[in-house]
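Residue-level listing of the chains:
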Amino acid sequence: MELLNVAINSVKNISFSSIMDIIVVTFIFYKTYMLIKETRAEQLLKGIILIVFLIPISSFFNLTMLNWILTKTITIGVLSFIIIFQPEIRSALEHLGRTTFLDKPIIEDEEKLEKIIGEITNAADSLSKNKTGALIIIEQLTGLQDIANSGIKLDAELSSALLENIFVVNTPLHDGATIIRNDRIMSAACILPLTNNRNINKKLGTRHRAAIGISENSDALIVIVSEETGIISLAVNGNLTRNYDSEKLRNILVRIIRKRNSKKSTIREQVKLWKEKVKKSSL
């Protein structure tokens, strides 16, 4: 009974800020785990957690040498974790950055969206029929200026004819990726990082591996046309799906961008309401 009274009093003494603190910390730990789930970092993190639990146990039983080894291991382990898993940490931070409240207009007008996606899918369909290899990146929230700087700057109005011309074999711009930002072709012949994923199909060539690589490090949508088979593929968030026709590709691209715009609009509305409440409460 006394234990129950203590528990009730403890609950009564919890403030709203304490509850919010617990919720935020829990959310951060949950999101961190989901970001590293099924990656190499997950196993190392489990090892670090085990060592953290063993340190107080070794101290309690006066296992001096074991405690010293575990303490030094955890110090070196954290530094090693940062060095070894730099790509995963970078990906996690970029993912976090994409969930902020920053505004960035990306093809929000419906008519404009349909036109842009139409130009891209028409070019992909024509390139597919001619079995001309292509790698087209549609930039979203994650800025790809560093990738764009590795190629040839164009800053040209988007059109299917220009896209097709860029990828004509043996022309200066055909080898590499083309980056599209809103309704403009920013750069061509851009160099992309290859994926480190060892589980992808061994038959996939450099073009597909590069597409998966950039999709792992950004929220970009990457359209790939195979030079050998003419098959159209799409890379999103580290995943590759294949065998698209122009209509199917058009529908999936529009759906993904609309979904992102819908989320951004909802967040913007929530922030606006929050600002209004803060303003009213300060009056």
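Use the structure listed above.
The following refers to the structure shown. Keep in mind that this is a model prediction, so the values were computed, not measured.

## Quick word on the nonpolar core
Ranked by internal contacts, the top residues of the largest apolar core, which has 29 residues, are Ile 120, Leu 163, Val 223, Leu 249 and Leu 253. Listed by contribution, the elements that provide at least two residues to this core are helix 6 (110–129), strand 1 (134–138), helix 8 (160–166), strand 4 (184–190), strand 5 (221–225), strand 6 (232–236) and helix 10 (246–282). Broken down by element, this core gets its largest block of residues, seven residues, from helix 6. In this view, Ile 120 contacts Ile 136, Ile 138, Leu 158, Leu 163, Ile 180 and Val 223; residues no more than four positions away in its chain are not counted. One finds Ala 148, Ile 179, Ile 214 and Ala 235 within the second-largest nonpolar core, a separate group that totals 16 residues.

## Side note on the sheet that holds strand 2 (residues 152–157)
The strand order across the open sheet built from seven strands is 2-4-3-1-5-6-7, with neighbouring strands paired in mixed fashion. This sheet does not close on itself; its edge strands, each paired only once, are strand 2 and strand 7 (239–244). The mean inter-strand angle of the sheet, taken between neighbouring strand axes irrespective of direction, is 20°. Bridging between strand 1 and strand 3 (residues 177–181) involves three bridges; their strand directions are parallel. Across the sheet, residue Ile 138 finds its bridge partner in strand 3, namely Ile 180. Together, strand 1, strand 3, strand 5 and strand 6 form the strand contacts of helix 6, whose direction differs from that of strand 5 by roughly 25°.

Rules and cut-offs
Residues numbered from 1 in each chain as written. Predicted model: local features only at pLDDT ≥ 70, side-chain atom pairs only at ≥ 80, totals over all residues. Heavy atoms only, no water. Core = buried A, V, L, I, M, F, W, Y, C linked by side-chain atoms within 4.5 Å. Buried < 20%, exposed > 50% of the residue type's maximum accessible area, 1.4 Å probe, protein only. Helix = DSSP H or I, 4+ residues; strand = E, 2+ residues; numbered from the N terminus. Contact = heavy atoms within 4.5 Å. Pairing = 2+ DSSP bridges. Axes fitted to C-alpha atoms, helices over the stretch in contact; angles between N-to-C directions.

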